[in-house]
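The residues making up each chain are set out below.
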Amino acid sequence: MTSVTDILKLARERMSEDLDAAMREDPAATSRVLVALSYQGVHAIWSHRLAHALWTTSPALRPVARIMSQISRHATGIEIHPGATIGRRFFIDHGMGVVIGETAIVGDDVLMYHQVTLGGRARGRFKRHPTIGDRVLLGAGAKVIGDITVGDDAKIGANALVVKDVAPGAVVVGSPATVHEGDVVA
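Let us look at the structure shown here. Since this is a predicted model, take the numbers as computed values, not measurements. (Residues numbered from 1 in each chain as written. Predicted model: local features only at pLDDT ≥ 70, side-chain atom pairs only at ≥ 80, totals over all residues. Heavy atoms only, no water.)

1. Examining empty space enclosed by the protein
Then, in step 1: For the coordinates displayed, the defined rule picks out 1 cavity of 30 Å³ or more.
Then, in step 2: The volume enclosed by the largest cavity comes to roughly 50 Å³.
Then, in step 3: Secondary structure elements with two or more residues in the lining of the largest cavity: α3 (40-57) and α4 (62-76).
Then, in step 4: Looking at the lining of the largest cavity, the element that brings in the most residues is α3, giving 4 residues.
Then, in step 5: Broken down by class, the residue content of the lining of the largest cavity amounts to 4 nonpolar, 4 polar and no charged. (1 Å grid on protein atoms, 1.4 Å probe; cavity = no way out; pocket = protein on both sides within 12 Å on 5 of 7 lines; lining within 4 Å. Points joined across faces, edges and corners; volume = space filled by probe spheres on them. Helix = DSSP H or I, 4+ residues; strand = E, 2+ residues; numbered from the N terminus. Nonpolar A, V, L, I, M, F, W, Y, C, P; charged D, E, K, R; others polar.)

Put into structure tokens, the structure is as follows:
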């Protein structure tokens with residue numbers, strides 16, 4: 001069994017990684033203390049990590065996790081369902097309006113801008129939200145909808161509507177999104 005000391009140590013390590021990600025990804029970030037105190041994207045992910053731990057621990061704790069996620073949504077403007085799986089060093093920049101659905105899976109080192117939706121397009125109790133690979137960039141306003149996969153190192157352009165799988169390293173733009181060859185600013 002894991003001790004409370006081990007759990008607290010792991011939590012501190014993950015929080016430190018999230019602060020490092022914010023410092024790396026946001027050129028406007030000037031100090032870890034300022035990021036920890038004032039970045040709603042960081043607050044939302046920290047709240048989610050705790051709510052997700054409760055969600056996955058016991059069905060009896062799921063109502064508490066759901067209430068926590070709604071309090072975080074009210075405070076940050078970012079809605080992350082406690083059932084969503086979020087990787088390490090995740091950073092939401094200017095997070096207002098972000099929605100991440102229950103069965104979404106987000107890899108490591110993902111950068112997400114404001115108004116991104118990782119949403120479903122079906123009803124039911126099955127995988128209905130996207131899987132986002134490692135090191136993916138999700139541009140402002142992007143909508144990634146359904147049980148699709150966005151491969152590692154892909155870039156999703158601002159306001160893109162993505163409803164089909166995206167290959168690793170691809171750049172997709174537009175609505176509906178199409179693969180773009182060449183440099184695109186997301």
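Additional details are given in the paragraphs that follow.
2. Topic: the packing of α3 against α4
Each packed pair of helices is defined by two parameters, the angle between the axes and the distance between the axes.
Then, in step 1: Two numbers describe how α3 lies on α4: the axes approach to 8 Å, and their chain directions differ by 175 degrees. Considering their axes alone, α3 and α4 lie roughly antiparallel with respect to each other. For the pair α3 and α4, the contacting residues are Gln-40, His-43, Ala-44, Ser-47, Leu-50, Ala-51, Leu-54 and Trp-55 in the first and Arg-62, Val-64, Ala-65, Met-68, Ser-72 and Thr-76 in the second.
Then, in step 2: When its residues are assigned to classes, the contact of α3 with α4 shows 8 nonpolar, 5 polar and 1 charged. (Axes fitted to C-alpha atoms, helices over the stretch in contact; angles between N-to-C directions. Parallel < 35°, antiparallel > 145°, perpendicular 65-115°, else oblique. Contact = heavy atoms within 4.5 Å.)

3. What to know about the sheet that holds strand β11 (residues 149-150)
The strands that make up a sheet are held in pairs by hydrogen bonds between backbone atoms, and each pair lies either parallel or antiparallel.
Then, in step 1: Ordered in space as β2-β5-β8-β11, the 4 strands form an open sheet in which the pairing is parallel. The open sheet is flanked by β2 (85-86) and β11, the only strands paired with a single partner.
Then, in step 2: Examined bridge by bridge, strand β8 (residues 131-132) and β11 share 2 bridges and lie parallel to one another. Looking at the pairing, Ile-132 lines up with Val-150 of β11. (Pairing = 2+ DSSP bridges.)

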